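Chain by chain, the residues run as shown.
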Amino acid sequence: MNQKLIYILEDDADVRALYGRELKAQKFEVQAFDTIKSFDAALLAQTPDLCILDLSLPDGDALMLLRDTVGQLNIPTIVVSGRGALGDRVLGLDFGADDYLVKPVNTIELAARARSLLRRVEKAQPRATASLGDKLKFGDWQVDFSTFELSYKDGTSEILSAADARLLKAFLGMPGKVLSREQLMDLYDQDGDGSFDRSIDAQVSRLRKKLKDTAKNPKLIRTVYGAGYMFTPQVEAVS
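Residues numbered from 1 in each chain as written. Predicted model: local features only at pLDDT ≥ 70, side-chain atom pairs only at ≥ 80, totals over all residues. Heavy atoms only, no water.

Novice: Sorry, what's going on with the environment of Leu 110 here?
Specialist: With respect to the element layout, Leu 110 can be found in helix H5 (residues 107–123). For the pair Leu 110 and Ile 78, spaced 32 residues apart in the sequence, the C-alpha separation amounts to 8.8 Å. Ignoring anything within four residues of it in the chain, the contact list for Leu 110 reads Tyr 19, Ile 52, Ile 78, Val 80 and Leu 101. (Helix = DSSP H or I, 4+ residues; strand = E, 2+ residues; numbered from the N terminus. Contact = heavy atoms within 4.5 Å.)

So, in structure tokens, the structure goes:
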């Protein structure tokens, strides 16, 4: 079985060593970096299976890296940061992090969350979208999951974050079926304690805004009260 490759971005040498030692003991392949520049260059050479990111680096704030480079490559990501305020945690998740831990962290827990995230990402790949391909059409929209580009009928487009792309892919994989919050939380809630329940509602709300949809008059994502959400349009492959 091939080892999963994890990239660590952390400027503290002692902390990098602690993370790396535990992850290697858990049979992961690890590469560690202390600057955004070196991390970004490594991404261009090889895409890892998972990233662990600190946010405050000597050469900048890794939030932009999380949203842009890491997000566009759709790499599962755990943020481990000293920024522990609620606003910081929400911002990290909104910028595409799959999990957010506040320092100091237990390295055994960090390794367990990495394993859990990788399992959840693998299990969350919708079978239907895989059979249809990367380019899909629904309603007035078209999405290309190979580039995360979401396009509207008027020709405008934008690049989705990794988190938004995974959520949309989950909906497109099961059109016409009710997805419970528990099912959707599998994409985001790493320890299964339900603490991200409200975050799922926020994720859906943000995706609705990107799709010009509303909760009061939904044309794409319908709230099924007491059950979850349903994606209503037909989904077609684009040749």
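Novice: Explain the sheet that holds strand E12 (residues 178–179) here, please?
Specialist: Hydrogen bonds between backbone atoms are what pair the strands of a sheet, whose relative direction is either parallel or antiparallel. On the basis of which strands lie adjacent, the open sheet formed by 3 strands has the order E12-E14-E13 and antiparallel pairing. Both outer strands of the open sheet, E12 and strand E13 (221–224), are each paired with one neighbouring strand and no more. As paired elements, E12 and strand E14 (residues 228–231) share 2 bridges and run antiparallel to each other. Considered in E14, the bridge of Leu 179 is made with Tyr 229. The sheet contacts of helix H7 (residues 162–173) involve E12, E13 and E14, and relative to E14 the element is tilted by about 70°. (Pairing = 2+ DSSP bridges. Axes fitted to C-alpha atoms, helices over the stretch in contact; angles between N-to-C directions.)

Novice: Teacher, can you tell me more about the nonpolar core here?
Specialist: One broad rule of soluble globular proteins: the nonpolar side chains tend to lie buried together. Phe 138, Leu 168 and Phe 171 are the most contacted members of the largest nonpolar core, which has 27 residues in total. Mapped onto this core, the elements with two or more residues apiece are strand E8 (135–138), strand E9 (141–144), strand E10 (149–152), H7, helix H8 (181–185), helix H9 (197–210) and E14. Here the element with the most residues in this core is H7; it accounts for 6 residues. Among all residues touching Phe 138, those that are not within four sequence positions of it are Val 143, Leu 150, Leu 168, Leu 172, Leu 211, Leu 220, Phe 231, Pro 233 and Gln 234. Of all hydrophobic cores here, the second largest spans 22 residues; its members include Leu 5, Leu 43, Leu 65 and Leu 66. (Core = buried A, V, L, I, M, F, W, Y, C linked by side-chain atoms within 4.5 Å. Buried < 20%, exposed > 50% of the residue type's maximum accessible area, 1.4 Å probe, protein only.)

Novice: Looking at this model, I keep getting lost on the pairing of strand E7 (residues 99–102). Mind explaining?
Specialist: Remember that side chains alternate between the two faces of the sheet whenever the strand is regular. Two elements, strand E6 (residues 77–81) and E7, share 4 bridges in a ladder whose sense is parallel. Residue pairing in the sheet places Val 80 in a bridge with Leu 101 of E7. Read as a crossover between parallel neighbours, the route from E6 over helix H4 (residues 86–94) to E7 is right-handed. (Right-handed = clockwise from strand over helix to strand, strands pointing away.)

Novice: Explanation requested: the side chain of Asp 144 in the structure shown.
Specialist: Residue position: Asp 144 is located in strand E9. Here Asp 144 sits buried without a salt bridge, and the closest side chain of opposite charge, Lys 135, lies 4.2 Å off (N-O distance). Not counting residues within four places of it along the chain, the set of residues in contact with Asp 144 comprises Asp 134, Lys 135 and Glu 149. (Lys, Arg positive; Asp, Glu negative; His and termini not counted. Salt bridge = Lys/Arg side-chain N within 4 Å of Asp/Glu carboxyl O.)

Novice: Teacher, can you tell me more about the sheet that holds strand E3 (residues 50–53) here?
Specialist: The 5 strands are arranged E2-E1-E3-E6-E7 in an open sheet whose pairing can be described as parallel. The outermost strands of the open sheet, each flanked by one partner alone, are strand E2 (29–33) and E7. Looking at each pair of strands side by side, their axes are set apart by 15° on average, direction ignored. Bridging between strand E1 (residues 5–9) and E2 involves 5 bridges; their strand directions are parallel. If you follow Leu 9 over to E2, its bridge partner there is Phe 33.

Novice: Explain helix H2 (residues 36–45) here, please?
Specialist: Turn by turn, an α-helix covers 3.6 residues, leaving residues three or four places apart pointing in a common direction. Along H2, the residues that are buried comprise Ile 36, Phe 39, Ala 42 and Leu 43. Along H2, the residues classed as buried sweep out an arc of 125° about the axis, all on the same side. Exposed and facing more than 90 degrees away from the buried side of H2 are Lys 37, Leu 44 and Ala 45. Looking at the packing, one finds that the buried side of H2 touches E1, E2, E3, strand E4 (56–57), strand E5 (60–61) and helix H3 (63–72). (Arc of directions from axis to C-beta.)

Novice: What exactly am I supposed to notice about the environment of Glu 182 here?
Specialist: With respect to the helices and strands, the residue Glu 182 is situated in helix H8. On the accessibility criterion, Glu 182 (60% relative accessible area) is exposed. Spatially, the C-alpha atoms of Glu 182 and Ala 227 are 9.7 Å apart, while their sequence positions differ by 45 residues.

Novice: How do you make sense of the side chain of Asp 99 when you look at a structure like this?
Specialist: Tracing the backbone shows Asp 99 in strand E7. A relative accessible area of 1% places Asp 99 in the buried class. Polar contacts involving the side chain of Asp 99 include one to the side chain of Arg 113, which spans 2.7 Å. (Polar contact = N/O pair within 3.5 Å; in protein donor to acceptor, adjacent residues only side chain to side chain.)

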